[in-house]
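What the coordinates show
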Amino acid sequence: MPASTSYRWATSGDTNAFFGLSLDNLADLTLAVSLLVTVFNYPLDFALSHFVPGTALGVIIGDLLFTWLAIRLAKQTQRTDITAMPLGLDTPSTFGMVFFVIGPAYLEATGNGLPQTDAARQAWHIGMCCIVASGIFKLFCAPVASKIRKLIPRAALLGSLAAIALALISFLPFIELLSQPVIGLVSLGIVLASLTAKVPLPWRLPGALAALLAGGLIAAISQSFGWLPSSEPHASFDPFSALWPTGWLDVFQFEWITAWPLSFKYLPIVIPFALGTVIGGIDCTESAAAAGDEYDTRGVIAIEGLATLVAGMCGGVIQSTPYIGHPAYKAMGGRAGYTLATAIFIGIAGLTGSFALLYELIPAPAILPILIFIGLEISAQSFEATPKRHYPAVAVACIPALAALVIIQTDKLVAAGASPEGQLATELYSLRILASGFIITSLLWAGMTAALIDQKIIQAAAWCTSAAILTLFGVIHSPFADGRMFFPWAIGDLPTESNGRSPLELMTAYLLLTITFIGWSFWLRRQQNHSSP
């Protein structure tokens, strides 16, 4: 190959791209650990020594393979400007795993009398099983990814993601950000200006890095002069004790396999997140193609699945996925160096335990604005990528996620000793059955609404039938506080508040709607036949 056409896999543009991708992954890891510790009182040392190394391994595998894909594509096409696709930790499923899998599993285990460490280990094993299941699901999806995308309307797929992005990814970090607003709001303003509004920074400084530096500098100066209280949420924890973690190596004893029976009830939450990353991976591949880099969709999804599977089998509890924004990384001048550098950085931080130092040193309000930005971007893209006529379908998909957000907060009150009664208990039960399996509920409702908008009444009836079947088994609208599934002939005792709205009655409602839509469709056809010449 002539020198003029040789591929420079690392350029100065990779520096900006590296900071954007690596800090994004760092923010996800920080958020996952922070939320588990602060919201669920999960033991910090256990999370750092067991969760983080395996989760980092998924990023290492994925980014190394994406680096290889870019170099291979450059050789095949004889081009010098190929940009590797970015891969990292999936933000929506980070919230899903924390608030709907690991956190509840830990609280349930402690409520059943397990000691804290044993409960933490059981919740970890459940999280591992869920991530392994996600990886296997993605690998099966890889050969037929494009067909899955055609089968389900975009409004249904993206609507639930938009809801998660606004209600969870943006809203919950904003609450945490306001714990130190002097730091958080300044960092957020820099992120919104540089990343959302594309206002250039001096010296072409990456927006994510600028926000982190500004927040860190404000924290250091303010706390040293006593203007702000020192942030010591883990004063009893020595981050140096977390260096060179070995706890995660317990995975190779394969005791986590015994947690599979406990993991099944969480799959209706986990698998939709996995499906979302599959569709997102397809969209990211198409986005890369639009920018001039034609990657094989099946290979991209297969690598995503393999990275997730490896992470889960090695103790990771967050999915790996291609990131939205390949054109942005290409515009920065990134090639393949930035994904390689991210793999090395996250690998060192996770496997050596140095992430614990970063976790203690970096103020959370300085890094959380990056997640708020991600939530806003996902929400905006959900509408941009959806036909305008389907906007109501995207909007209706947000309703179950909002219920899940409220349940997260009310569960904290109940755990603190609150005991709702009367009308309040009735309303909370309504929220709970709406929030149970909310990802699938959002998808079903958005699919039904999109079909109705397109005058495809029979398709809308099919969505209702699917909802009826899933309701009967508790996949959606489970009446139980832990959201568990069940067989309809062995459902057990139901809560008092379920009177008049048990799974059987909810199923009946969906079936009546199915019959209504079918009859409506036949009536419309008759009207059209009578009116035609």
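Preceding block: the structure.
This section reports on the structure supplied with the text. (Residues numbered from 1 in each chain as written. Predicted model: local features only at pLDDT ≥ 70, side-chain atom pairs only at ≥ 80, totals over all residues. Heavy atoms only, no water.)

Side note on the overall build of the protein chain
Rules: For helices the rule is a DSSP run of H or I covering at least 4 residues; for strands it is a run of E covering at least 2, with both sets numbered from the N terminus onward. Taken over C-alpha atoms, the radius of gyration is set against a globule rule of 2.2 Å times the number of residues to the power 0.38. Each residue is placed in one exposure class: buried if its accessible area under a 1.4 Å probe, protein chains only, is under 20% of its type's maximum, exposed if it is over 50%, and partly exposed if it falls in between. By definition in these notes, contact holds between two residues if any of their heavy atoms fall within 4.5 Å. A 1.4 Å probe and the Shrake-Rupley method give the accessible areas. Residues count as covered only by the protein chains that appear here. The charge count includes Lys and Arg as positive and Asp and Glu as negative, but it does not include His or the ends of the chains. A charged residue contributes its charge at one atom only: NZ of Lys, CZ of Arg, CG of Asp or CD of Glu.
Secondary structure summary: the protein chain contains 20 helices and two strands in total. In terms of overall dimensions, the protein chain is globule-like: its C-alpha atoms have a radius of gyration of 24 Å, near the 24 Å expected for 533 residues. Principal-axis analysis of the C-alpha atoms places the extent of the protein chain at approximately 70 × 65 × 45 Å. Across the 533 residues that make up the protein chain, the buried fraction comes to 55%. Residue pairs at least 24 apart in sequence account for 84% of intrachain contacts in the protein chain once pairs closer than 6 positions are excluded. A total accessible area of about 22,700 Å² is found for the protein chain, and carbon and sulfur atoms account for 66% of it. On the protein chain, the mean spot of the 25 positive side-chain charges and the mean spot of the 31 negative ones are 14 Å from each other.

Describing the nonpolar core
Counted only if it meets this: For this analysis, a nonpolar core means a set of buried residues of the types Ala, Val, Leu, Ile, Met, Phe, Trp, Tyr and Cys, connected via side-chain atoms within 4.5 Å.
Within the largest apolar cluster, 117 residues are counted, with the highest numbers of intra-cluster contacts made by Tyr-42 and Leu-168. For this core, the leading source of residues is helix H1 (residues 13–40), giving 14 residues. In this structure, Ala-446, Ala-460, Ala-467 and Phe-517 belong to the second largest nonpolar core, which totals 36 residues.

Here's the deal with the pattern of salt bridges
What counts here: The term salt bridge refers to a side-chain nitrogen of Lys or Arg lying within 4 Å of a carboxyl oxygen of Asp or Glu.
One pass over the full model with this rule turns up nine salt bridges. The shortest N-O distance in the salt bridge between Glu-108 and Lys-265 comes to 2.8 Å. On the criterion of sequence distance, the pair formed by Glu-108 in helix H3 (residues 91–111) and Lys-265 in the loop between helix H9 (260–263) and helix H10 (267–290) is long-range, its members being 157 residues apart. With relative accessibility at 15%, the residue Lys-265 sits in the buried group. Among the ionic pairs, Glu-304 bridges to Lys-138, the shortest N-O distance being 3.2 Å. Note that Glu-304 is positioned in helix H11 (residues 297–313) and Lys-138 in helix H4 (residues 116–141), a separation of 166 residues in sequence. By the burial criterion, Glu-304 is buried, and Lys-138 matches it.

Looking at the side chain of Ser-194
Using the following cut-off: Here a polar contact is recorded for every N or O atom pair within 3.5 Å, except that within protein the pair must consist of a potential hydrogen donor and a potential acceptor, and residues adjacent in sequence are included only if both atoms are side-chain atoms.
Within the secondary structure, Ser-194 is located in helix H7 (residues 181–196). Here the side chain of Ser-194 touches Ile-190 through a polar contact of 2.7 Å, landing on its backbone oxygen. When residues no more than four places from it in sequence are discounted, the contact partners of Ser-194 are Val-199, Leu-201 and Gly-207.

Describing empty space enclosed by the protein
Short version of the rule: Of the two site types, the cavity is a set of points on a 1 Å grid over the protein atoms alone where a 1.4 Å probe fits but cannot get out, and the pocket is an open set with protein on both sides within 12 Å along at least five of seven lines, each lined by residues with an atom within 4 Å of a point. Grid points are joined across faces, edges and corners, and a volume is the space filled by probe spheres set on the points.
Applying the stated criterion across every chain, the model contains five cavities of 30 Å³ or more. Taken as a whole, the largest cavity holds about 90 Å³ of empty space. In terms of lining, the largest cavity is formed by Leu-157, Ser-160, Leu-161, Ile-164, Pro-272, Phe-273, Leu-275, Gly-276, Ile-279, Ile-439 and Leu-443. Secondary-structure elements contributing two or more residues to the lining of the largest cavity are helix H6 (154–177), H10 and helix H18 (438–453).

It is worth stressing that arrangement in space is one thing and function is another; only the former is reported here.
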